[in-house]
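Remarks on the overall topology
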Amino acid sequence: MKKINAILAMTAASFMLFSCGGDKKNDTTTAPETQTEVETTTSEVTEGVQIELSGNDAMQFDKKEIKVPVGEKVTLILKHTGKMDKAVMGHNFVLLNKGTDMAAFAEAAAKAKDNDYIPTDDSTSVLAHTKTIGGGETTTVEFVVNEAGEYDFLCSFPAHYALMQGKLIAE
Ligand code: ZN
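A brief look at the structure comes next. The structure presented is a predicted model; accordingly, all values stated were derived computationally and were not measured.

1. Focus: the environment of F105
Position of F105 among the secondary structure elements: in helix α4 (residues 102-110). Linking F105 and S125, residues 20 residues apart in sequence, is a C-alpha distance of 7.9 Å. Ignoring anything within four residues of it in the chain, the contact list for F105 reads V94, L96, T100, P119, D122, S125, V126, L154 and S156.

Given below as structure tokens:
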């Protein structure tokens, strides 16, 4: 009788284990967050972090906040989803160093048309920037942020920064 009881107990225990495992499997396959995590991990292993930012003909970026990991290579892809020419609706991505006065920088940048709207006499304000592009174009910049914190980014085409600006958070 003792033996039979033991076998029954084991069977019950293994049945419980099996059903627990079954529940977990269902959880992972139905949760959409799990898939996103897997994709992020894969891209980090191969090429650092990739971020897409787009600007349109209405003078808007599609993101107001970008998060990047400190000390890792960031590949930022800027897409101009509009149709207007670079001369009238040019967009770029300029990442400013901490403590930079955005309004003052944008004013200086607006005068630097010959240098893609990046002031030539200012080497400390800009952490990274793309070239200026027009409708339908795409450009890429790679950079590493070595210090955690909040940084301003903007489009430095004349008068665009009023609408086209946001925060890059490195953590
Ligand atoms: Zn712009």
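Still more ground to cover, so stick around.
2. A few points about the side chain of T132
With respect to the helices, strands and loops of the structure, T132 is situated in the loop between β5 (126-129) and β6 (138-144). The exposure class of T132 is buried, given its relative accessible area of 2%. When sequence neighbours within four positions are dropped, the list of residues in contact with T132 reads K86, G90, H91, N92, D116, Y117 and F157.

3. A closer look at the coordination of the zinc ion
Protein coordination of the zinc ion is provided by G90 (O), H91 (ND1), C155 (SG) and H160 (ND1), with donor distances spanning 2.1 to 2.6 Å. The site at the zinc ion holds 4 donor atoms, and with the angles between them running 80 to 130 degrees, its shape is irregular. Between the donor residues of the zinc ion, the gaps in sequence give the motif G-H-x63-C-x4-H. Taken individually, G90 and H91 each receive the classification buried, so the pair is uniform in this respect.

Cut-offs applied
Residues numbered from 1 in each chain as written. Predicted model: local features only at pLDDT ≥ 70, side-chain atom pairs only at ≥ 80, totals over all residues. Heavy atoms only, no water. Helix = DSSP H or I, 4+ residues; strand = E, 2+ residues; numbered from the N terminus. Contact = heavy atoms within 4.5 Å. Buried < 20%, exposed > 50% of the residue type's maximum accessible area, 1.4 Å probe, protein only. Donors = N, O, S within 2.8 Å, 3.2 Å for Na, K, Ca; no water. Tetrahedral: all angles 85-135°; square planar, octahedral: opposite > 155°, others 65-115°.

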